[in-house]
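Secondary and tertiary structure notes
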Amino acid sequence: MKALRTRIGLGLAVSAAAVAIPLTATTASAAPPPGDGWVPIGAERYPSKAACEASELPNAQANGYHEVWCDDSKAIMPIFNR
C-alpha cells in the first residue's frame, strides 16, 4: 500500500510541476506595443519611460496621434504613436 501512495504522490508532484513551469516561464524579449494601430516613429534615449512619453506626446498630438508608447526595455527606446 505504501508503494501505491508514494507513486500517487510522486505523480501529483510531477503533474503540478509540469503545469507550473510553463505558466511561470516568460521570455526576456520586449513586448510589442499594446493593442492595434501603433505606428513606429523612431527611437530616442530618455531617462525613463514616463519622461519619454511626456516629451513625445506634444509631437504626437501635433501629427494627429493621441497616444505615445515607449519601449523601455532598450537604452535607446523605440517610440510608437497611435
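Nothing here was measured: the structure is a model prediction, and the numbers come from that model. (Residues numbered from 1 in each chain as written. Predicted model: local features only at pLDDT ≥ 70, side-chain atom pairs only at ≥ 80, totals over all residues. Heavy atoms only, no water.)

1. Brief notes about the packing of aromatic side chains
Within this structure, the stated rule accounts for one aromatic pair. Taking 5.6 Å as the distance between ring centres and 50° as the angle between the ring planes, the aromatic pair formed by Trp69 and Phe80 counts as tilted. Placement of the pair is Trp69 in strand β2 (residues 68-70) and Phe80 in strand β3 (residues 76-81), with a sequence separation of eleven residues. Accessibility classification places Trp69 together with Phe80 in one group, the buried group. (Phe/Tyr/Trp six-rings, centres within 6.5 Å; stacked < 30°, edge-to-face > 60°. Helix = DSSP H or I, 4+ residues; strand = E, 2+ residues; numbered from the N terminus. Buried < 20%, exposed > 50% of the residue type's maximum accessible area, 1.4 Å probe, protein only.)

2. Focus: the sheet that holds strand β1 (residues 39-45)
Taken in spatial order, the three strands of this open sheet run β1-β3-β2, and their pairing is antiparallel. Only two strands of the sheet have a single neighbouring strand rather than two, namely β1 and β2. The average undirected angle you get between the axes of adjacent strands in this sheet is 25°. For β1 and β3, the ladder comprises six bridges, and the chain directions are antiparallel. Counterpart to Val39 in the pairing with β3 is Asn81. Running over the sheet, helix α2 (residues 49-62) touches β1, β2 and β3 and is turned about 145° from β2. (Pairing = 2+ DSSP bridges. Axes fitted to C-alpha atoms, helices over the stretch in contact; angles between N-to-C directions. Contact = heavy atoms within 4.5 Å.)

3. Regarding the nonpolar core
Counting seven residues, the largest nonpolar core is built from Tyr46, Cys52, Ala60, Val68, Cys70, Met77 and Ile79. Elements supplying a minimum of two residues to this core: α2, β2 and β3. Every residue in contact with Met77, bar those within four places of it in the chain, is listed here: Gly42, Ala43, Glu44, Tyr46, Ser48, Lys49, Cys52, Cys70, Asp71 and Asp72. (Core = buried A, V, L, I, M, F, W, Y, C linked by side-chain atoms within 4.5 Å.)

4. Quick notes on α2
The end-to-end C-alpha separation of α2 is 20 Å, in line with the 20 Å expected for 14 residues at 1.5 Å each. Along α2, the largest kink reaches about 35° and is centred on Glu56; proline Pro58 follows within four residues of it. Of the positions making up α2, those classed as buried are Cys52, Glu56 and Ala60. Elements in contact with the buried residues of α2: β1, β2 and β3. Positive phi shows up at Gly64, right after α2, with a value of about 90°. (Expected span 1.5 Å × (residues − 1). Bend = angle between axes of the 7 residues up to and from the residue.)

5. Considering the state of the cysteines
Any covalent bond linking the sulfur atoms of two cysteines counts as a disulfide. The final tally for this structure, using the stated rule, is one disulfide. Paired by a disulfide, Cys52 and Cys70 hold their sulfur atoms 2.0 Å apart. Judged by the sign of its S-S torsion, about -75°, the cystine formed by Cys52 and Cys70 is left-handed. A residue pair is termed long-range when its members are at least 10 positions apart, and Cys52 in helix α2 and Cys70 in strand β2 qualify at 18 residues. In this pair, the class of Cys52 matches that of Cys70, namely buried. (Disulfide = S-S within 2.5 Å.)

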